[in-house]
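Each chain, written out:
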Amino acid sequence: MAVYNKTSVVSNANGAYARAYARNYLDMDKFVVRGGNPLLGTIRVSGAKNAALPAMAAALLTDEPVILENIPQVRDIETERKLLAGMGAEVELGYGRAQHRTTICCRTVTSPEVPYEVVKTMRASSLVLGPLVARYGRARVSLPGGCAIGARPIDLHLKGLERLGAEIKQEHGYVEARAERLRGAEILFDKITVTGTEDLLMAATLAEGETLMQNCAREPEVQDLADLLIKMGAQIEGAGTSTIRVKGVAKLKGARHRIIPDRIEAGTFIIAGALTGGDLNVTGCDPAHLVALLQKLNEVGVKTAHNQDSVRVVGNGDLKAADMVTEEYPGFPTDMQAQYMALVTQAEGTSIVTENIFENRFMHAQELVRMGANIKIEGRRAIIRGKTPLSAAAVLASDLRASASLVIAGLVAEGESIIDRVYHIDRGYEHIEEKLRGVGAQIRRIGEMLPKKMAAPVVRA
């Protein structure tokens, strides 16, 4: 097994992991996608990045090993591993059959600080605030980065930590929090926040007394984190509802936990199968997490059938327009908005998509227009008139889910589309091009189109 620690990153014996890691960090990579092929066969969903990240942060709450299974091999996970290793944690990477397992031991955290250089591409850095303050009494964390889809303030995290007794200071782009020991309190979120709920849930597990959290996020990822924390010895009731009670304990232990499937990756593949007129079986997912999406697809005319851990989608090309509004879970997820927009460009009639979660999440629309879509943006609404044929174009990925929508559009566009800045998609989709090729897509990853110019030789007198 390879081990991440503060001074080194060691690959496994055959170097395959190091090569994959390096490839995923090549910011110049592009996708070439040729449209026209239906997706046929079976495609398997990876573990949920948005469940794995808080689970990894939860390892900070104990000095015993936390073993996490079904961890996706995506860029944000590598960033989180570097983040933890930079603080002194031991992070073991599985390989071979265990390549989706990681073991984290935070026996000794030498530096409870997260610098900007580590987290500039990832907003989930704020998830370590609560665990660090709860166990070590202090934290210094850079304000998070991530996709350019609008403001993601962490003020709700900070208000909650203050309610738990922490002293908060912000300066020079960093948040500093201190507390001798956190104390249970009542916390009412002004706005539903997934990472805020997760961060304060972790902090409350080691706080003295009882914490009552209201207006909490109900996402499956929150429930998954609570399941892990309970295995570690936390006393939690109500996770997955809007009200969560936590009775603090003096110490947590290690645990083994399997991360839930990625519902957004599953939804992306389901839409891709429908749009290409394919017959696709999406396995390893949880259809109970996809209810809002499947209901909307039924309204559009997409036929699906599901069992306990898979969804089959059969595309017939006869799509009809349907309006959609993004909402907190269990509503239609904002992370599926871009993919849905790509779908309804090929639906008869006019669809109105309203984005209620993030204020700047329509940047993919102008790229879809380059490919022939008829889309007009009015504030938080996008008006999509279909059905318009799509044709190949050179487009730019602006964020993680926008990348996915452009890949989906490329699968039905005439000709070869080039999608630039696919490092965004590597943040949250594990080997997406390989998975899609396995079910008939024509897609490949390339580096720079042309070699860089060589510097002019230096002439010495």
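Counting starts from 1 at the beginning of each chain's written sequence and moves along it residue by residue. Side-chain atom pairs in this predicted model are given and counted only at pLDDT of 80 or more, local residue features only at pLDDT of at least 70, and totals for whole chains, interfaces and linings cover all residues. The side-chain numbers reported here are obtained from all heavy atoms of the structure, hydrogens and water having been left aside.

S.K.: Mind showing me how you'd approach the sheet that holds strand β16 (residues 279-283) here?
M.R.: Hydrogen bonds along the backbone pair up the strands of a sheet, which may run parallel or antiparallel. Here 4 strands make up an open sheet; going across it, the order is β3-β16-β18-β17 and the pairing mixed. Unpaired on one side and paired on the other, β3 (40-44) and β17 (303-307) mark the two borders of the sheet. Ignoring strand direction, the axes of neighbouring strands in this sheet form an average angle of 15°. A strand pair is defined by DSSP finding two or more bridges across the two strands. Note on conventions: DSSP H or I runs of at least 4 residues are helices, E runs of at least 2 residues are strands, and numbering of each starts at the N terminus. Judged from the 5 bridges that link them, β3 and β16 form a sheet pairing that is parallel. Note that in β16 the partner of Gly41 across the bridge is Leu280. A fitted line through C-alpha atoms serves as each axis, taken over the contacting stretch for helices, and the angle formed by two N-to-C directions is quoted from 0 to 180°.

S.K.: Help me understand the pattern of salt bridges, please; the structure alone is not making it clear to me.
M.R.: Proximity of charged atoms lets side chains of opposite charge pair with each other. Criterion for a salt bridge: a side-chain nitrogen of Lys or Arg within 4 Å of a carboxyl oxygen of Asp or Glu. This structure, assessed with the given rule, holds 21 salt bridges. A salt bridge links Glu378 to Arg381; the shortest N-O distance between them is 2.9 Å. To sort residues, take the accessible area from a 1.4 Å probe on protein chains only and compare it with the maximum for the residue type: under 20% means buried, over 50% means exposed, and anything in between is partly exposed. On the basis of relative accessible area, Arg381 is assigned to the partly exposed category, the value being 32%. Among the charged side chains, a salt-bridge network with shared partners connects Asp29, Asp426, Glu433 and Arg445.

S.K.: Quick question: what am I supposed to make of the packing of aromatic side chains here?
M.R.: For any pair of aromatic rings, geometry is given as the distance between the ring centres together with the angle between the planes. The criterion for an aromatic pair is that two Phe, Tyr or Trp rings (for Trp, the six-membered ring) have centres within 6.5 Å, with stacked assigned to planes under 30 degrees apart, edge-to-face to planes over 60 apart and tilted to the rest. Evaluated as defined, the whole model comprises 1 aromatic pair. Centre to centre, the rings of Phe332 and Tyr340 are 5.6 Å apart; their planes meet at 70°, and the pair counts as edge-to-face. The exposure class assigned to Phe332 is buried, which follows from its relative accessible area of 4%. For a lysine, the NZ atom is tested; for an arginine, the CZ atom; a charge sits over a ring if that atom is within 6 Å of the ring centre and within 35 degrees of the ring normal. The positively charged end of Arg140 is found above the aromatic ring belonging to Tyr174, 3.9 Å away from the centroid.

S.K.: Can you walk me through the packing of helix α12 (residues 363-370) against helix α13 (residues 400-412) in this structure?
M.R.: How two helices sit against one another is set out by the angle between their axes and by the gap between those axes. As a packed pair, α12 and α13 sit with axes 9 Å apart at the nearest point and diverge in direction by 20°. The orientation of α12 relative to α13 falls into the category roughly parallel. The chirality of how α12 crosses α13 is right-handed. On the side of α12, the interface is formed by His364, Glu367 and Leu368, while α13 contributes Ala402, Ser405, Leu406 and Ala409. When describing relative orientation, an angle under 35 degrees is termed roughly parallel and one over 145 degrees roughly antiparallel, while 65 to 115 degrees is termed roughly perpendicular and anything else oblique. We call a crossing left-handed when the near helix sits turned anticlockwise from the far one by less than a right angle, and right-handed when that turn is clockwise. The criterion used for residue contact is that any of the two residues' heavy atoms lie within 4.5 Å.

S.K.: Mind showing me how you'd approach α13 here?
M.R.: Think of an α-helix as 3.6 residues a turn; residues three or four steps apart then line up on the same face. Most of α13 is tucked away: 12 of the 13 residues are buried. Along α13, the positions that sit buried rather than exposed are Leu400, Arg401, Ala402, Ser403, Ala404, Ser405, Leu406, Val407, Ile408, Ala409, Gly410 and Leu411. In protein, a polar contact means a hydrogen-donor-capable atom and an acceptor-capable atom, both N or O and within 3.5 Å, with residues adjacent in sequence counting only if both atoms are side-chain atoms; elsewhere, any N or O pair within 3.5 Å suffices. Residue Asp399 occupies the N-cap position of α13, its side-chain oxygen lying 2.9 Å from the main-chain nitrogen of Ala402.

S.K.: Would you mind showing me how to read the pairing of β16 here?
M.R.: On a regular strand, each side chain points to the face opposite its neighbour's, so the side chains alternate between the two faces of the sheet. Both β16 and strand β18 (residues 310-314) contribute to a ladder of 5 bridges, which runs antiparallel. Within the sheet, the bridge partner assigned to Val282 lies in β18 and is Val311.

S.K.: So what exactly am I meant to see when it comes to the environment of Pro65 here?
M.R.: You can see Pro65 is positioned in the loop between α2 (49-58) and β4 (66-69). For Pro65, a relative accessible area of 40% corresponds to the partly exposed category. Sequence separation of Pro65 and Arg107 is 42 residues, and the distance between their C-alpha atoms is 8.1 Å. Setting aside chain neighbours within four positions, we find Pro65 in contact with Thr103, Ile104, Cys105, Gly254 and Ala255.

S.K.: Could you clarify how one ought to interpret the packing of helix α11 (residues 337-344) against α12 in this entry?
M.R.: α12 packs onto α11 with a crossing angle of 25° between their chain directions and a minimal axis gap of 10 Å. Taken together, the axes of α11 and α12 lie roughly parallel to each other. As α11 packs across α12, the resulting crossing turns out to be right-handed. Touching Gln337, Ala338, Met341 and Ala342 of α11 are His364, Ala365 and Leu368, all from α12. Three categories are distinguished: nonpolar for Ala, Val, Leu, Ile, Met, Phe, Trp, Tyr, Cys and Pro, charged for Asp, Glu, Lys and Arg, and polar for the others, with Gly belonging to the last. Here the residues of the contact of α11 with α12 are counted per class, giving 5 nonpolar, 2 polar and no charged.

S.K.: Honestly, unusual backbone geometry in this entry has me stumped. Any pointers?
M.R.: Residues apart from glycine generally show negative phi values, whereas peptide bonds are mostly found in trans. Here the bond from Tyr329 into Pro330 is cis, since omega is 15°, no more than 30 degrees from zero. Its location among the elements puts Pro330 in the loop between β19 (324-325) and α11. Between Gly386 and the following residue, Lys387, the backbone shows a cis peptide bond with an omega angle of 5°. As for its position among the elements, Lys387 is in the loop between β22 (381-386) and β23 (394-396). Positive phi, normally seen in glycine, also occurs at Asn215, with a value near 60°. Positionally, Asn215 belongs in the loop between β12 (210-214) and α8 (220-231). Assessed through its relative accessible area of 28%, Asn215 is described here as partly exposed. For Arg421, which is not glycine, the phi torsion reads 60° and is therefore positive.

S.K.: Any chance you could explain the sheet that holds strand β7 (residues 113-114) here in plain terms?
M.R.: Read across the open sheet, the 4 strands follow the order β7-β8-β10-β9; overall the sheet is mixed. If you trace the sheet from one side to the other, it starts and ends with β7 and β9 (167-171), each paired once. Direction of pairing for β7 relative to strand β8 (residues 138-142): parallel, over a ladder of 2 bridges. Of the residues in β8, the one forming a bridge with Val114 is Val141.

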